[in-house]
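Fold and geometry: a report
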Amino acid sequence: LEGRGIDFSIKLAGDRFSSLAATFGTQLPPIGEYGLTMRMQETETGYSLSKLKGNLGQTTFDGTLDVNLSEDKPAIQAELIFPAIDAGPLQAIAVQETGTAENQESVTSDEPLPDLSEVDISLDILDQVEADIELKVERVIKAPGYIRDASLKVGINDVALVSPMG
């Protein structure tokens with residue numbers, strides 16, 4: 001048997017995400033249906049994930065991911081679009097981890113979210129890869145604030161991190 005290249009599709013779906021999480025030995029609050037479909041292909045320079053579509057409860061997303069392995073450093077180019085993000089399960093996970101719902105804001109508030117504070121991350125990765133990653137969020141539901149039409153484009157090029165937000 002001899003072959004060349006990779007080209008296959010993946011489909012994963014179920015009625016309860018918590019049952020899938022239990023398969024991996026973790027517990028999650030009841031999130032609801034989940035699904036993921038994608039096509040993975042070997043390209044001349046690396047790999048491509050296309051036709052990426054998924055849902056986790058009411059959160060939906062689609063996008064692409066390309067990895068170029070032909071240069072000195074791997075180069076990642078990705079776009080992920082979220083027509084809707086359901087913040088309810090994320091809040092339930094936070095409550096589950098802290099064991100309390102104390103000091104939680106109402107999930108129906110229309111107040112704007114506070115400014116993002118700086119996040120400490122290791123910058124060692126900047127010397128290992130090149131990347132252009134774009135995330136777009138059309139709306140967030142069940143959040144303690146109002147988020148609509150947000151985007152973030154992050155570039156890692158020549159040991160520099162660039163991340164303008166829109």
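Residues numbered from 1 in each chain as written. Predicted model: local features only at pLDDT ≥ 70, side-chain atom pairs only at ≥ 80, totals over all residues. Heavy atoms only, no water.

1. A look at the confidence of the model for the protein chain
Per-residue pLDDT for the protein chain averages 78, and the proportion of residues at 70 or more is 67%. Contacts of residues 101-116 to residues separated by more than four positions or lying in other chains number 21 contacts, the stretch itself having pLDDT below 50. (pLDDT = per-residue confidence, 0-100. Contact = heavy atoms within 4.5 Å.)

2. Details of the packing of aromatic side chains
Under the counting rule described, the total for this entry stands at one aromatic pair. Both rings, one in Phe 61 and one in Phe 82, keep their centres 5.9 Å apart while their planes meet at 50 degrees; by these two values the pair is tilted. Remark: Phe 82 occurs in strand β5 (residues 75-86) and Phe 61 occurs in strand β4 (residues 59-68); sequence separation between them is 21 residues. (Phe/Tyr/Trp six-rings, centres within 6.5 Å; stacked < 30°, edge-to-face > 60°. Helix = DSSP H or I, 4+ residues; strand = E, 2+ residues; numbered from the N terminus.)

3. A short note on unusual backbone geometry
Not every positive phi belongs to a glycine, and Lys 51 is a case in point at roughly 50 degrees. Here Lys 51 is to be found in strand β3 (residues 46-56).

4. Let's talk about the side chain of Thr 59
Counting through the fold element by element, Thr 59 comes out in strand β4. Judged by relative accessible area, Thr 59 falls into the buried class, the value being 12%. For Thr 59, the side chain forms a polar contact with the main-chain nitrogen of Asp 86, separated by 2.8 Å. Among residues more than four places away in sequence, those in contact with Thr 59 are Gly 54, Phe 82, Ala 84, Ile 85 and Asp 86. (Buried < 20%, exposed > 50% of the residue type's maximum accessible area, 1.4 Å probe, protein only. Polar contact = N/O pair within 3.5 Å; in protein donor to acceptor, adjacent residues only side chain to side chain.)

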